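# Secondary and tertiary structure notes
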Amino acid sequence: MIKEAKVVTIQLKEDERVDQLMQYGLEIIQSPSVFSFSLDAVLLGDFAKVPKHNRANIVDLCSGNGAVALMLSQQTDSPVTGIEIQSRLVDMAQRSIELNKLENQVSVIKADVKDINQHIPKDSVDVLTCNPPYFKISDKSHKNPNEHLAIARHELHLNLQELMQASSGLLKMKGKAYFVHRPDRFLEIMDEMRKVNLTPKRVRFVYPKENKEANMLLIEGIKHGKETGFKVLPPLYVYQEDGTYFPEVKRMIHGDESHDA
């Protein structure tokens, strides 16, 4: 699944840059004013388990600029479909797919997750990933003034209940879903998953440093899975005291442990 050296010319917009994800040998178009993937996407791409064969149907919801979908493509021969509501991000994702010569494996669809079955049939997906908007909307909410970032981070178009309903509807029996989210919504996430027969199976809490509170969580669910066997995995610490990455996170980003952060 290691790609040959690529020589592809892609037109970048004024505010865009190309970043490298060294573990996978990927180049991904980013924009600070529109969207840039961050560590949560890298963690999700590593946490999700996808079959290596080419017979699975893999979907990445809230795909943004396609970073997670592209990461998953390097772990499988199966097709990967990204779903994203924002036209500008769909365009960025499509150009990143072309930049990495992955048009035959990875695709992106402009769609609202709530309308997903207009594009992907129910009960047809083997593995699903999602890095959703984290923050609820209320009268006291402080939304990002940038519309692109606000949609990516706040539940303007998709709330947690809607996400879980759509995810469960897409998955086959025993299909697996992987989410990255915020620890302060852990109990709510568990409740919403179980309401739609997504049985939580594994969870891992992510900490910025040792002796700090967790600021991310990774959770796996299985559609109509058994209630037994739920596992809380060892904690994942991101930064050491000197500000460099812990070896496990360094591996996720660089592909081995020999690089400096």
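Keep in mind that what you see is a predicted model, and the values were worked out from it rather than measured.

### Digging into the overall build of the protein
Along the backbone of the protein there are seven helices and 11 strands. Expressed as a percentage of its 261 residues, the buried residues of the protein come to 51%. The long-range fraction of contacts in the protein, counting pairs at least 24 apart against all pairs at least 6 apart in sequence, stands at 69%. In the form shown here, the protein has an accessible surface area of approximately 12,800 Å², with 49% of it arising from carbon and sulfur atoms.

### Description of the pairing of strand E1 (residues 17-21)
If a strand is regular, its side chains alternate between the two faces of the sheet. Two strands pair when backbone bridges link them, and E1 and strand E2 (residues 26-30) are joined in this way by five bridges, in the antiparallel orientation. By the bridge assignment, Gln20 is partnered in E2 with Glu27.

### Here's the deal with the side chain of Asp60
Counting through the fold element by element, Asp60 comes out in strand E3 (residues 58-61). For the buried Asp60, which has no salt bridge, the nearest side chain bearing the opposite charge is Arg202, at an N-O separation of 15 Å. In this structure the side chain of Asp60 is engaged in a polar contact, spanning 2.7 Å, whose partner is the side chain of Thr129. Aside from chain neighbours lying at most four places away, what touches Asp60 is Val68, Ala69, Thr81, Gly82, Ile83, Thr129 and Cys130.

### Focus: helix H5 (residues 160-170)
Among the 11 residues that make up H5, eight are buried, leaving the element largely enclosed by the rest of the structure. What H5 keeps buried is the set Leu160, Leu163, Met164, Ala166, Ser167, Ser168, Gly169 and Leu170. Against the buried residues of H5 lie E3, strand E6 (125-130), strand E7 (171-181), helix H6 (186-195), strand E8 (198-207) and strand E9 (216-223).

### Here we look at the environment of Arg202
Considering the arrangement of structural elements, one finds Arg202 in strand E8. A relative accessible area of 17% places Arg202 in the buried class. Taking the C-alpha atoms as reference points, Arg202 and Glu220, separated by 18 residues in sequence, lie 5.1 Å from one another. When sequence neighbours within four positions are dropped, the list of residues in contact with Arg202 reads Phe47, Lys49, Tyr178, Leu218, Ile219, Glu220, Phe230, Lys231 and Leu233.

### Quick notes on unusual backbone geometry
Phi at Cys62 takes a positive value of approximately 50°, unusual for a residue other than glycine. Residue position: Cys62 is located in the loop between E3 and helix H2 (67-73). With phi around 65°, Asn197 is a residue other than glycine that occupies positive phi space. Residue placement: Asn197 occurs in the loop between H6 and E8. With a relative accessible area of 39%, Asn197 lands in the partly exposed category.

### As for the packing of aromatic side chains
To describe a pair of aromatic rings, you give the distance between the ring centres and the angle between the ring planes. With the rule as written, the count across this model stands at five aromatic pairs. Where Phe47 meets Tyr178, the ring centres are 5.7 Å apart and the plane angle is 85°; that geometry is what we call edge-to-face. Placement of Phe47 in helix H1 (residues 39-47) and of Tyr178 in strand E7 is noted, with a sequence separation of 131 residues between them. According to the relative accessible area criterion, Tyr178 is buried, its value standing at 0%. Centroid distance Phe186 to Phe205: 5.3 Å. Interplanar angle 75°. Geometry classified as edge-to-face. Note that Phe186 is positioned in helix H6 and Phe205 in strand E8, a separation of 19 residues in sequence. Accessibility assignment for this pair places Phe186 and Phe205 in one class, buried.

### Regarding the pattern of salt bridges
For the structure on display, the rule yields 16 salt bridges. With a shortest N-O distance of 2.9 Å, Arg88 and Asp15 are connected by a salt bridge. Taken as a pair, Arg88 in helix H3 (residues 87-99) and Asp15 in the segment before E1 lie far apart in primary sequence, 73 residues in all. Here Asp112 ties to Lys114 by a salt bridge, and the two come within 3.2 Å at their closest N and O atoms. Three or more residues are tied together by salt bridges with common partners; here these are Lys13, Asp15, Glu16, Arg88, Asp91 and Arg95.

### Some thoughts on the confidence of the model for the protein
When the pLDDT values of the protein are averaged, the result is 91; 89% of them are 70 or greater. Segment residues 257-261: pLDDT under 50, and nine contacts once partners within four positions in sequence are set aside and those in other chains are kept.

Parameters and conventions
Residues numbered from 1 in each chain as written. Predicted model: local features only at pLDDT ≥ 70, side-chain atom pairs only at ≥ 80, totals over all residues. Heavy atoms only, no water. Helix = DSSP H or I, 4+ residues; strand = E, 2+ residues; numbered from the N terminus. Buried < 20%, exposed > 50% of the residue type's maximum accessible area, 1.4 Å probe, protein only. Contact = heavy atoms within 4.5 Å. Areas by Shrake-Rupley, 256 points an atom, 1.4 Å probe, with all protein chains shown as cover. Pairing = 2+ DSSP bridges. Lys, Arg positive; Asp, Glu negative; His and termini not counted. Salt bridge = Lys/Arg side-chain N within 4 Å of Asp/Glu carboxyl O. Polar contact = N/O pair within 3.5 Å; in protein donor to acceptor, adjacent residues only side chain to side chain. Phe/Tyr/Trp six-rings, centres within 6.5 Å; stacked < 30°, edge-to-face > 60°. pLDDT = per-residue confidence, 0-100.

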